[in-house]
Amino acid sequence: MTDTPGAPLLRLEGVTKQYGATRALDAVDFDLRSGEIHALMGENGAGKSTLMKILAGNTGRDSGRILLDGNEIDIRNPGEAAAHGIAIIHQELNTVPSMTVAENLALGREPVGRFGRLDRRAMVVDAQRKLDRIGADVDPRRTLGELSVGMQQMVEIARAVSEDARVLVLDEPTASLSRGESEHLYRIVREMRAAGTGLIYISHRMEEVWDLADRVTVFRDGRLVGTRDKSSISPPDVVRMMVGRNLDDLYQHDRQNQGPVVLHVDGLGDGAQIGPVSFAVRAGEVVCLAGLVGAGRTEVARLIFGADRPRTGSVTVNGTSVVPRRPQDAIRAGIAMVPESRKDQALFLDHSVVDNIAVSSLSAFSPRGVLQRKQIRAAAAAQMSKLKLRANAINLPVRALSGGNQQKAVLGRWLMRNAEVLILDEPTRGVDIGAKSEIYDAINGLAAAGRAVLVVSSDLPEVLGISDRILVMRGGQIVHEMPTAGATEEEVMAHATGTQPKEHPHD
Amino acid sequence: MTDNSSGATTTRGKPTAAGAGFDFAYWWDRVGILAVLVVLVALMAVIAPNFASVDNLFNIARSISINAILAAGLTFVILTAGIDLSVGSIVAVSGVVAVMTALAGAPAPVAILVGILAGAAAGFVNGALTAYLSLAAFIITLGTMTLLRGLAYTLTDGQPIVSNTLNFRDIGNGYFAGIPAPVVVMVLVYLAAWFVLERTRFGRHVYAVGGNAEAARLAGINVKRVTCIVYVIAGACAGLAGVIFAARVVSAQPTAGTGYELDAIAAVVLGGTSLMGGRGRIYGTLIGSVILGVLSTGLILMNVPFFTQLLIKGAVIILAVAIDGLKQRPIRRRANAVPTGAVPAE
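Computed from a prediction, not measured in an experiment: that's the story for all the values here.

A. Fine view of the overall build of chain B. Check the secondary structure of chain B and you find 13 helices and four strands. Every one of the 346 residues in chain B was classed for burial, and the buried ones make up 54%. For chain B, restricting intrachain contacts to residue pairs at least 6 apart in sequence, the fraction spanning at least 24 positions comes to 77%. Counting only carbon and sulfur atoms, one obtains 70% of the accessible surface of chain B, whose full area is about 14,700 Å².

Written out as structure tokens, the structure is:
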């Protein structure tokens, strides 16, 4: 690392990339210094990932130059990227869970002895060296799949970062990490910065960007809006650059008419770590389950919906009690759930938008089992327009939609069924700000229509912005309940972490 | 989820930003397999003597019908991302059961029905074990494949039961309005299968379970029941195929249907149904069966030796699947985002 401090390590000049009719990157000039953390921000589809793909050698550029240390380079495939010392950490893990840490670290370049015999000892030694380099405390002989997601990500980083890695690109690295694991990642990232590596850090989380970054670059619609020193701007400035408007408008809602209790959860638990929990949600009310990752919020949501089988307690909807042994029971009672992972748990990616929306309502549209296709189409289209889901998308496979539109399709599924109770588990995760505000509109609309809404969210500004009441969970229990009016992020966090006695006994 | 003439809902819509140029995936999906068939038939008509005669075309249709009926049932199973290796053995068992029922004095319709029910019962065993005990379909049906073959041998004592007066022989050898009866049955089976898959709630559930079983469960679909039923359907189709086979050879053969499961799987896959589930069309399966049938018959007419026929058939199957894989490529790339950034620099 002999770069003069502050000199550009990597420079992009006029880089342009066209996909069909859309210009994914439009004459982008960007530079990265050695020894800096440079955050990339922007809504989904703004061009961040295209830039990353070009640097990784996964896609070519149409025009423009890439300079490393002032010398023009070409990155035609991932191998060349690695040869230039450019390493990429993708959002999804690219490791083999059934193999050991050492085997994963050696993948594709296993050390072999005579007659091609695998040299396991050299493999472990080499793995230990790689893990030490990034300060990851992992036993290389353990099976990867037994490690936490955070630890697996450390292994991924150890693998990507070779001795001569000079540029490291991280794409939403903390998306699936707990707070402790994230802290560890931040430490590693900072150490690499101190060692002179140039880091490009892609993230939606303003908080961590503000913690880590030296400079921030914002993309919008394939164009680079601006690069700023962090010291010269504030988070609201960045948001304005991203969307061209203020964030405060995002959470505006006016909710007054709360009706009777619709959902009543009584002593629900899995007989082990979760519960028993009891609470109620009124018609027209939005209640948030807050807490840290692992506090049991998703588990409670799944128990109410019968996605997991409750061992204790029951659920009452509008006075009718049900023990949800399976999702069908809950759905019949009028409960709907938008699960945590859209792609794994909610969507049929290859199937059309109309099929995805209609899938839970087919009984109402199929006398004697035969589908009334015109009516189904019309009903699905009605939900689409209500949710501002692109109308021309009705026949597209859902895979082709953006994250926000995919989430609207899942919401539409339950709106079409007219569910009384909606449980939304992280409804805006991985969704850009534009779609976020439309999902909030939909939530407000549900409340206004007298539905009971239960939201699980890890995003504290969101929790405070959209709910009427907050239930804080810790260790599988509801430890605190408070009205949202007057609550602060610090207060919620204090109860979630248990760092403060319960001093606001509510009701 | 599948396209149809009125264009209601499509599995894979016309690509949005296809840009300029020919979209291979889009057109292959629609007409590719049919184009292959047309080319093949044209080729055969030119090269093979007597290929294009009415008699021969009827012959082809008749010889295709058994595999096509098996493949129709199997399409349901494969659409749910399952597999059924036992359908060939079910052909034998149900044929034996139908013949024994007929010989016991039952009228033809009853014998036929009992044969079909025997197949459905075998399918129920496959389905129940797969769905309710969550066992791997491949292993379960590998087991029942052997078990049912053993049952066929046991019932017949290892000997064919020949009955020249078999009362339901017409379903294999007769004609209906001048068309061979098995062909009529095949067409009816495909119309029914098409209707169930495209026009009923159950059909939609089959696609949903294959597309994403967990999402289907959380959407309120009874995944276990759907899974169980598709094996019953495959079993019933195999039962029907077994009855037709027995009628054609006018006997109960314990060795009937040996290896048929592989031809049926080949027809389904050739027809564009994904072994990963959730994607495919029943009409593709029919065309897949016809391609395999035309190929065999044409090669026989051309006096191509049997060994060479196998070579050619195998190559055609691999080619078809390769083209299918090629067509999936752009989608798969999007799905898995991007490969690892840690590719070793050699």
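B. Region of the structure containing the overall build of chain A. Check the secondary structure of chain A and you find 17 helices and 20 strands. Split into buried and exposed, the 507 residues of chain A put 55% on the buried side. For chain A, the share of sequence-separated contacts (at least 6 apart) that also reach a separation of at least 24 residues comes to 65%.

C. Quick peek at a nonpolar patch on the surface. Where nonpolar side chains cluster on the molecular surface, the patch consists of L43, V46 and I47 of chain B and spans about 320 Å² of accessible area. Following the sequence through the fold, I47 of chain B ends up in helix α1 (residues 24-47).

D. Representation of the UniProt feature "transmembrane region" (unreviewed entry) in chain B in the model. Residue and element names in this part refer to chain B. Annotation from UniProt places "transmembrane region" (unreviewed entry) at residues 31-52, 64-83, 89-117, 129-155, 175-197, 226-247 and 283-301. In this annotation, residues 89-117 is assigned 86% helix and 0% strand; the end-to-end C-alpha distance for the span is 15 Å. Annotated as residues 129-155, this span is 85% helix and 0% strand, and its ends, taken at the C-alpha atoms, are 24 Å apart.

E. Structural view of helix α17 (residues 489-497) of chain A. Among the residues of α17 of chain A, those classed as buried are E491, V492, A494, H495 and A496 of chain A. Where α17 of chain A is buried, its residues contact β13 (286-291), α16 (460-466), β19 (469-474) and β20 (477-483) of chain A.

F. Structural context of unusual backbone geometry. Residues and elements named next belong to chain B. One non-glycine residue with positive phi stands out, namely D157, at about 60°. Along the chain, D157 turns up in the loop between α5 (137-156) and β1 (161-162). Given a relative accessible area of 67%, D157 falls into the exposed group. Phi is positive for A177, which is not a glycine, with a value near 55°. In this fold, A177 is placed in the loop between β2 (175-176) and β3 (179-180).

G. Quick look at the sheet that holds β13 of chain A. Residue and element names in this part refer to chain A. The sheet built from six strands is open, its strands ordered β16-β17-β18-β13-β19-β20 with mixed pairing. Strand pairing shows two members of the sheet lacking a second neighbour, β16 (335-338) and β20, which therefore form its edges. Strand-to-strand twist of the sheet, defined as the mean angle between neighbouring strand axes without regard to direction, takes the value 20°. Here β16 runs beside strand β17 (residues 421-425); their pairing, made up of four bridges, is parallel. If you follow V338 over to β17, its bridge partner there is L424. Where helix α14 (residues 403-417) meets the sheet, it contacts β16 and β17, and its direction lies at approximately 175° from that of β16. Sheet strands in contact with helix α15 (residues 433-448) are β13, β17 and β18 (452-456), and its direction is about 145° off that of β18.

H. A look at the pairing of β13 of chain A. All names here are of chain A. Counting buried positions along β13 yields six of six residues, so the element is predominantly enclosed. Neither face of β13 is open: one carries V286, C288 and A290, the other V287, L289 and G291, and all of them are buried. Of the pairings in the sheet, the one linking β13 to β18 comprises four bridges and is parallel in character. Bridging from a neighbouring strand, C288 pairs with V455 of β18.

I. Layout of the pattern of salt bridges. Residues and elements named next belong to chain A. Inspection of every chain in the model, using the stated rule, returns 28 salt bridges over all chains. A salt bridge links R215 to D31, with the nearest nitrogen and oxygen atoms 3.0 Å apart. Here the residue R215 occupies a position in strand β9 (residues 215-220), and D31 occupies one in strand β2 (residues 22-33), the gap between them amounting to 184 residues. A salt bridge links R61 to D74; its shortest N-O distance comes to 3.5 Å. Linking R61 in the loop between α1 (48-56) and β4 (63-68) with D74 in the loop between β5 (71-73) and α2 (78-83), this pair joins segments that are 13 residues apart in sequence. D74 gets classed as partly exposed once you look at its relative accessible area, which sits at 38%. Through salt bridges with shared partners, a single network forms among R11, E13, R65 and E72.

J. Representation of the sheet that holds strand β14 (residues 312-317) of chain A. Residue and element names in this part refer to chain A. With antiparallel pairing, the four strands of this open sheet are ordered in space as β12-β11-β14-β15. Of all the strands in the sheet, the pair left with one neighbour each is β12 (277-282) and β15 (320-322). Looking at each pair of strands side by side, their axes are set apart by 15° on average, direction ignored. Note: β14 against β15, three bridges, orientation antiparallel. Paired with V317 across the two strands is T320, which belongs to β15. Helix α9 (residues 297-305) contacts β11 (261-269), β12 and β14 of the sheet and is inclined by roughly 110° relative to β11.

K. The packing of helix α4 (residues 108-132) of chain B against helix α10 (residues 223-249) of chain B, seen in detail. Residue and element names in this part refer to chain B. Taken N-terminus to C-terminus, the directions of α4 and α10 make an angle of 150°; their axes are 6 Å apart at the nearest point. In terms of orientation, α4 lies roughly antiparallel with respect to α10. Of the two elements, α4 crosses α10, and the hand of that crossing is right-handed. Counted by class, the contact of α4 with α10 contains 13 nonpolar, nine polar and two charged residues.

L. Just helix α3 (residues 87-103) of chain B, in detail. Its 17 residues place the ends of α3 of chain B 24 Å apart at the C-alpha level, agreeing with the 24 Å of an ideal helix rising 1.5 Å per residue. At the exit of α3 of chain B stands G105 of chain B, carrying a positive phi of roughly 105°.

M. Structural context of the nonpolar core. Formed by 93 residues in total, the largest nonpolar core has its most connected members in I69, F168 and I171 of chain B. Sequence-distant contacts of I69 of chain B, defined by excluding residues within four places in its chain, comprise V185, M186, V189, Y190, C237, L240, A241 and I244 of chain B. Counting 89 residues, the second-largest nonpolar core is a separate cluster that includes V262, F305, V398 and I470 of chain A.

N. Expanded view of a negative patch on the surface. Residues and elements named next belong to chain A. Residues E183, E207, D211, E489 and E490 make up a contiguous surface patch of negative charge. Those elements that provide at least two residues to the negative patch are α7 (206-212) and α17. Secondary-structure assignment places E490 in helix α17. What makes E490 exposed here is its relative accessible area of 59%.

O. Summary view of the packing of α14 of chain A against α15 of chain A. All names here are of chain A. Close contact between α14 and α15 brings their axes to 9 Å; oriented N to C, the two are set at 15°. Classified by the interaxial angle, the pair formed by α14 and α15 is roughly parallel. Of the two possible hands of crossing, α14 and α15 adopt the one that is left-handed. Counted together, G404, Q407, K408, L411 and L415 of α14 and A435, E438, I439, A442 and L446 of α15 form the full contact between these two elements. For the contact of α14 with α15, the per-class residue count stands at six nonpolar, two polar and two charged.

P. Region of interest: the side chain of R413 of chain A. Tracing the backbone through its elements, the reader meets R413 of chain A in helix α14. As a buried residue without a salt bridge, R413 of chain A has its nearest oppositely charged side chain in D355 of chain A, at a separation of 10 Å. From its side chain, R413 of chain A meets the backbone oxygen of A346 of chain A in a polar contact 2.7 Å long. Those residues in contact with R413 of chain A that sit more than four places away from it in its chain are A346, L347, F348, N356, I357, V359, S360 and S361 of chain A together with A219 of chain B.

Q. Expanded view of the confidence of the model for chain A. All names here are of chain A. Per-chain confidence: chain A averages 85 in pLDDT, with 93% of residues scoring 70 or above. Taken element by element, the predicted model of chain A shows its lowest mean pLDDT in helix α8 (residues 235-243) (78) and its highest in β16 (96). Here residues 1-5 is modelled with pLDDT under 50, and outside its nearest four sequence neighbours on either side it reaches nine contacts, counting other chains as well. When the criterion is pLDDT under 50, residues 502-507 qualifies, and its contacts beyond four places in sequence or with other chains add up to 10 contacts.

Rules and cut-offs
Residues numbered from 1 in each chain as written. Chains lettered and ligands numbered in written order. Predicted model: local features only at pLDDT ≥ 70, side-chain atom pairs only at ≥ 80, totals over all residues. Heavy atoms only, no water. Helix = DSSP H or I, 4+ residues; strand = E, 2+ residues; numbered from the N terminus. Buried < 20%, exposed > 50% of the residue type's maximum accessible area, 1.4 Å probe, protein only. Contact = heavy atoms within 4.5 Å. Areas by Shrake-Rupley, 256 points an atom, 1.4 Å probe, with all protein chains shown as cover. Patch = residues over 30% accessible without salt bridge, like charges linked within 9 Å, V, L, I, M, F, W, Y side chains within 5 Å. Salt bridge = Lys/Arg side-chain N within 4 Å of Asp/Glu carboxyl O. UniProt positions renumbered as here; feature names shortened; annotations may be inferred. Pairing = 2+ DSSP bridges. Axes fitted to C-alpha atoms, helices over the stretch in contact; angles between N-to-C directions. Parallel < 35°, antiparallel > 145°, perpendicular 65-115°, else oblique. Left-handed = near helix turned anticlockwise from the far one by under 90°. Nonpolar A, V, L, I, M, F, W, Y, C, P; charged D, E, K, R; others polar. Expected span 1.5 Å × (residues − 1). Core = buried A, V, L, I, M, F, W, Y, C linked by side-chain atoms within 4.5 Å. Lys, Arg positive; Asp, Glu negative; His and termini not counted. Charge placed at Lys NZ, Arg CZ, Asp CG, Glu CD. Polar contact = N/O pair within 3.5 Å; in protein donor to acceptor, adjacent residues only side chain to side chain. pLDDT = per-residue confidence, 0-100.

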